[in-house]
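Chain by chain, the residues run as shown.
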Amino acid sequence: MNATDRTPADLLRSALAADPGRPLVTFYDDATGERVELSVATFANWVAKTANLLQGDLGAEPGDRLALMLPAHWQSAVWLLACASVGVVAEVGADPAGADLVVSGPDTLEQALACGGERVALALRPLGGRFPQPPAGFADYAVEVPGQGDRFAPFVPVDPEGAALVVGGEELTQSALVDRAREDAAKLGLGEGSRVLTGLGYDTWEGLSAGLYAALAAGGSVVLCRNLDRLSPAGLDRRGESERVTHTA
């Protein structure tokens, strides 16, 4: 990655320039048997479409607060980078009543209705499927995002010193997030080609770093596992071998 990268969006652009075809996020859900692999290029395309939805259709601006009510999932990772691309502050697990926008999974829709701003719901179904019945009061992400543009340019340049993420009660700026991700990558010994398998949630910095930011900062990739406790030890060993995992969190 480039030493001049100062925002998560910069890290993604560098990854795209270096090797767009390599895997970036490989997602497993051991409750459903789902496996999804996104290359850098595919992930960046999802981020661009989501950022266009966020900035255009939802009217989000830099500094707006978005309550992110999603588990560790490949679509959650997309939303985190889309928020960073627009300059919107992703508040993980925040009270939606105090947020400008909310993005919710299927299990938190009732709580998410407390947000007085725009509301987006994700079904988190295999292959990014939509809700069978659209939830009242929400835009269905799977319906809204496909028609968005494949390229994204922010209306206002993102300030590296602007807030980017709130998790565990701590607020990080864009540049501080990148710095911490690089520090974590160095501590873990991550480098280009590293593959990090993690079953940690996205509700802590440790989970976010292991499941996205540290690998992105190092030029590596993640094997993000939801409901990993349902996998046997032998199954975990087989996954590690088949996915060429180099590090485990």
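These remarks concern the structure in this document. Since we're looking at a predicted model, the values are computed, not measured. (Residues numbered from 1 in each chain as written. Predicted model: local features only at pLDDT ≥ 70, side-chain atom pairs only at ≥ 80, totals over all residues. Heavy atoms only, no water.)

Attention shifts here to the nonpolar core. One broad trend across soluble globular proteins is that nonpolar side chains are buried collectively. Phe43, Leu54, Trp79, Leu165 and Tyr213 are the most contacted members of the largest nonpolar core, which totals 62 residues. The contact partners of Tyr213, leaving out residues within four places of it in the chain, are Leu80, Leu81, Leu165, Leu177, Ala181, Trp205 and Leu208. Within the second largest apolar cluster, twelve residues are counted, among which are Ala94, Ala99, Leu109 and Phe138. (Core = buried A, V, L, I, M, F, W, Y, C linked by side-chain atoms within 4.5 Å. Buried < 20%, exposed > 50% of the residue type's maximum accessible area, 1.4 Å probe, protein only. Contact = heavy atoms within 4.5 Å.)

Its identity as a non-glycine residue notwithstanding, Leu124 has a phi of 55°, on the positive side. If you trace the backbone, Leu124 turns up in the loop between strand 6 (118–121) and strand 7 (139–140). Taking the relative accessible area as the measure of exposure, Leu124 reaches 10% and is therefore buried. A positive phi is found at Arg244, a non-glycine position, where the angle reads about 55°. With respect to the helices, strands and loops of the structure, Arg244 is situated in the loop between helix 8 (233–242) and strand 12 (247–248). (Helix = DSSP H or I, 4+ residues; strand = E, 2+ residues; numbered from the N terminus.)

It is worth spelling out the sheet that holds strand 6 at this point. Pairing within the open sheet is mixed, and its seven strands lie in the order 7-6-5-3-4-8-9. Only two strands of the sheet have a single partner each, and these edge strands are strand 7 and strand 9 (170–173). As judged from the four bridges shared by strand 8 (residues 163–167) and strand 9, these two strands associate in the antiparallel manner. By the bridge assignment for strand 9, Leu165 is matched with Leu172. (Pairing = 2+ DSSP bridges.)

Turning our attention to the layout of surface pockets. In this structure, the largest pocket occupies an estimated 420 Å³ of space. As for the largest pocket, its lining consists of 18 residues, of which Arg13, Ala44, Ala48, Ser85 and Phe152 are closest to the centre. For the lining of the largest pocket, the secondary-structure elements that each account for two or more residues are helix 1 (8–18), helix 2 (40–57) and helix 3 (74–86). Of the residues belonging to the lining of the largest pocket, the class tally is eleven nonpolar, three polar and four charged. (1 Å grid on protein atoms, 1.4 Å probe; cavity = no way out; pocket = protein on both sides within 12 Å on 5 of 7 lines; lining within 4 Å. Points joined across faces, edges and corners; volume = space filled by probe spheres on them. Nonpolar A, V, L, I, M, F, W, Y, C, P; charged D, E, K, R; others polar.)

None of this, on its own, says anything about what the molecule does.
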